[in-house]
Every structure is written in C-alpha cells, then in structure tokens.
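So you can see what is in the structure, the chains are spelled out below.
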Amino acid sequence: MADFQTPALREFPIIPLLHEGTMAHSRPFVAKPEHQASVGFPGELVENWEQKAVDKLGELVSKSRALQVFLDSCVKCGACTDKCHYYLGTEDPKNMPVARQDLLRSVYRRYYTFAGKYFPKLVGARDMTKDVLDEWYTYFHQCSQCRRCSVFCPYGIDTAEISMAARDIMDHVGLGQKYSNEIIGKVYKIGNNLGLPEPALRDTLEGLEEDVKDETGVDVKFPLDVKGADILLITPSADFFAEPHIDGLIGYAKVFHAAGVSWTMSSYASEAANFSMFIGSHDNLRKVALRIRKAAEDLGVKRIVVGECGHAWRVAYSFWNTLAGPFDFLDPNYPVPQHICEFTYDLIQRGKLDLDKSANDDLVVTFHDSCNVSRASRMGDMPGGQFKIPREVIKACVNNFHDMAPDTIHESTFCCGGGGGLLTDDLMELRVKGAMPRMQALKEVVDEHGVNHIAAICAICKSQFTKVLPYYKFPMDMIGSVHGLVSKAIKLGPGNEQ
Ligand code: SF4
Ligand code: SF4
C-alpha cells in the first residue's frame, strides 16, 4: 500500500479544518507525445502557449453560454465548500469546489472582464503563467467531475464543466493527462479501453459460454458481431475481463437468454466508456460515439442496450443523439438508448424472469449510486427512475437490502473517488482520500445492518472500490455488479424459457 495516511472513519461526518497545500504534490502522469497525437493534440507545450490558452478559454466561453454563466455568477456564498469528497478527504482548501472554479475564473476575469482587465487585484484576476498552469494541472486532476457540488449551489454552478474546460485548454496547448489520452487512443486503434483485440475478445466470450454451461447446464450465448441481431449490447470493456465486472456481463447474457431475444456485441465498438468527456473534448467525444452508431448500422440491429457504466450512460443518454444521432434507423418502440437495468426491470415487471432471491441470502446488500447516472441522466419514464430502477432490480434478487444514509445517496451520492479520468495508480493517494465520505456512509450500514455487499452499476466505481476498500479495512470483494446479483438469482433451463 502507498505511503500516506488513510483518513479515519468517524461516527459523524465533520467539516475538516483547512490544511493548505496538502495535495499540491498530487499530479497524474503527463501524456507522452504519442498519446497526445492519438487524440489530436500537440505533443508538448507549444510556443506562445500562454496566449493560446487564453484564446482557447475565450473560444470555449463564446461557444458555451453555460460555461460563461458558471464563471460569471458565483457569489461566494460558501454552500459548496464542504460538498466535495476530495476536500473532505484531503482537507486541502483548493479542493473546495469554489476554490477549484476560481483557478479558471481568475484567468477568465483577467482577460475577459472589464474589472479584471483594469483592476485585476481588486477582483482576484490572474495572468496566465506557468505557475497557474501547474496549479490547473494539479487541481483540475483532483476533480472527478461528479457534479455533487452543483446540487448544493444556489446558482447550479457545475464545477465539472469548468474542470472539463480547463482540461480541454491544457490539451490544446500540449499538456495532457497520460491515463485518459492513452485510453482514448486505444479505443481508436483497437476498439476498447483495455486494448483487447477481436480474437482475444472472442476467446473470452467463448470461455464464458463454457463456464455458464458448466454452472447451469444451459447454453447461454455471448454473441459477437452477429449481423441481423435485434439488440446491440454496448458495455464497458472491464466487463470482458475482471471481477466483479464479468459477473455483470454473465448476468446480462442470462437475462437476454431468459427473454429469448437475439443480441450481439461488436468487436469494432467493444467499449461503452468514452473518456473524451473527462478531457472535455467535443471532437473526441463525437468520434468515439460515432463508432457505436457505425457498429449498430453495420450489424443492422434494431435496438441498443447499454451495460453497467456510469459516465457511458451519461454520454449515451444525454449526448448520443446530438453527437451521433438521429438514431432513426432503430426501432422507435424502444428507448434509444436503453439501460440494461431498464431492460431487466421491464422483464421483472412483466413477470418474465424467474428469480430466486434466496440464492443471494449470504449477502446483505447496499447500493452505491454512481454520480453520472444519478446527477446527469435518468432511467425509465419516471422522475428518479435512475434511483428506483436499479434498486428494484436488486430487491427482486435479494432478501436483504439496506440503503446508506439519505444525504449520501440519490442525487446527493458521494463519488467513489475514482471517476472523471482519475482511476489511475499515479493518483492512488487522492483516490483513497476521496473515497472517505462514501466509506464512512458504508461503515454506518455495515455496523447497523451487517451489510457485506455493495452493488454498483459503474465499471469505474467497481474498479475503484476493489482497490480502496482494503485501505478502510473492508474486503475488496465486497463490491459487485447489480447484474451479478441477477446472475445468481435467475433460474434458467427447462420450464424457465419465455
Ligand atoms: S464536481 Fe465533484 S469532484 Fe469536482 S469539485 Fe464538484 S464535488 Fe468536487
Ligand atoms: S455554492 Fe455556488 S455560488 Fe456559492 S460559493 Fe459555491 S459555486 Fe459559488
């Protein structure tokens, strides 16, 4: 384990005292020129970068009225200051959302407001300097773009948008983050974040077919590149590879089998994740989204279902239509896109799945709402469907369920600590400290109700929890996929086909 102190979990949450500069050393690895090139950015800091950064900021503000309003309207009321998990976990005041915003706002004021141009000191305006750029790189990579702060801001100021804009500017002047940019490059080259080529993917899926046959005696298929299938499943590539993600994929396949639908995955678009959102790059966001459209058209499917991935669901639900739509070639009788939880919930509602809750009786389950699902999307045709539907799916599969405290779930959920392109080992200290508020809420239900399992519908949350749970003395295998629970409960075989 890394060399830093894991925050203590307290009985009651406290607002920490300020400790300036405690996370000033935390910076992710910088992208190498080849990583930058693969996403269309200069390989290193360009000449005259100061002016180019200022120009890019001006361009972003002129294109996004929201960004301008966010930069103009903060009244320093302080309501957001104690709402960020990174501030609560690190005690560094620059991790207060308002302070993070001010890193960009101070430069915006200097170059794009009357007061900042003529009386910079009076309004906290700053020149674009190397020190400012370094501070941006440090603290805009301590924001998981979770949007929790925006829920509590009376003006709805969204620090995530400001963080995305800052990262976009840095990329444009040649200072990118290795983790996110390298991953996006892999999607272009191979089709997924993991760099898993088509033959390896096919092997994995065939192996899963054998495993499920051994376990259930039933021929559950994991089809790849099947032209003319009704449903294209777009899922995070972590689902092909690692525990507990893969249990989720097995669960989706069993649900499709039980529903008797024809479905396929695509080796060309074998990734739901779209890290371009994290770097605020519209061009890359579109390019990755278009791969999914192309796969759907090439395979001739009628529907697209999205697997368990938080930010991918935000991109799909909120942005696909603008980025890659219209999806008028799909069947209009179904939601475009549809979340796997919506798909399973619909079958449960119609009594089409045979679920044995007692198969999960070894578990006392809680649910972690993922940020991008909770605060940036929806499910179903009801307000709050993104909270209700996954819980209803879980409750149909388990006898023991307890939610965490109300101020830590639904739209107030705490980030896992690894979202927004921060799920990289070079940021482990930040990830562990940022997970503290979620771990605290978890400890409460562990102590009060004997919870021993957290279900989640986000690949990043699952990977993050696997790593950070042990730092807080919880077992790493306490985290699981919602469809991992479905997989255990579902009864297949003779008499259960629909
Ligand atoms: S978006 Fe999330 S991580 Fe970023 S400042 Fe707000 S609360 Fe913190
Ligand atoms: S809550 Fe909103 S207005 Fe108040 S300090 Fe934070 S960002 Fe500014």
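Everything below is about the structure printed above this text.
Since this is a predicted model, take the numbers as computed values, not measurements.

A. Examining helix H2 (residues 49–63) more closely. Taking 1.5 Å per residue as the helical rise, H2 with its 15 residues ought to reach 21 Å, and the 21 Å between its terminal C-alpha atoms agrees with that figure. By the burial criterion, the buried members of H2 are Trp49, Ala53, Val54, Lys56, Leu57, Gly58, Leu60 and Val61. Residues of H2 that are buried sit in contact with helix H3 (65–72), helix H5 (97–112), helix H7 (130–139) and helix H9 (159–172).

B. How the structure looks around the packing of aromatic side chains. In the structure shown here, the tally under the stated rule is 11 aromatic pairs. On the numbers, 5.8 Å between centres and 15 degrees between planes, the contact of Phe4 with Tyr471 is stacked. Placement of Phe4 in the segment before helix H1 (33–38) and of Tyr471 in the loop between helix H20 (459–468) and strand E7 (479–481) is noted, with a sequence separation of 467 residues between them. The same class applies to Phe4 and to Tyr471, which are both buried. Relative to Phe329, the ring of Phe327 lies with its centre 5.9 Å away and its plane at 40 degrees, an arrangement referred to as tilted. When its relative accessible area of 9% is taken as the criterion, Phe327 is described as buried. Grouping aromatic residues by their ring pairs yields a cluster made of Tyr179, Phe275 and Phe278. Taking NZ or CZ as reference, Lys294 lies 5.6 Å from the ring centre of Tyr268, over its face. Across the ring face of Tyr334, the terminal group of Arg303 is positioned such that the distance to the ring centre comes to 3.5 Å.

C. Main features of the pattern of salt bridges. Within the structure shown, the criterion is met by 28 salt bridges. The residue Arg202 makes a salt bridge to Asp225 at a minimum N-O spacing of 3.7 Å. Of the two residues, Arg202 sits in helix H11 (residues 198–216) while Asp225 sits in the loop between H11 and strand E1 (231–234), which places them 23 residues apart along the sequence. The class of Arg202 is partly exposed, set by a relative accessible area of 31%. In this structure Asp225 comes out as partly exposed when scored by relative accessible area, which is 28%. Note that Glu297 is salt-bridged to Arg293, the shortest N-O span being 3.3 Å. Of this pair, Glu297 and Arg293 are both found in helix H13 (residues 282–299), four residues apart, which corresponds to roughly one turn of the helix. A residue is classified by how much of its surface remains accessible, and Glu297, at 41% relative accessible area, is partly exposed. On the basis of relative accessible area, Arg293 is assigned to the buried category, the value being 16%. Beyond isolated ion pairs, a larger network of salt bridges with shared partners links Lys56, Glu59 and Lys63.

The rules we used
Residues numbered from 1 in each chain as written. Chains lettered and ligands numbered in written order. Predicted model: local features only at pLDDT ≥ 70, side-chain atom pairs only at ≥ 80, totals over all residues. Heavy atoms only, no water. Helix = DSSP H or I, 4+ residues; strand = E, 2+ residues; numbered from the N terminus. Expected span 1.5 Å × (residues − 1). Buried < 20%, exposed > 50% of the residue type's maximum accessible area, 1.4 Å probe, protein only. Contact = heavy atoms within 4.5 Å. Phe/Tyr/Trp six-rings, centres within 6.5 Å; stacked < 30°, edge-to-face > 60°. Lys NZ or Arg CZ within 6 Å of the ring centre and 35° of its normal. Salt bridge = Lys/Arg side-chain N within 4 Å of Asp/Glu carboxyl O.

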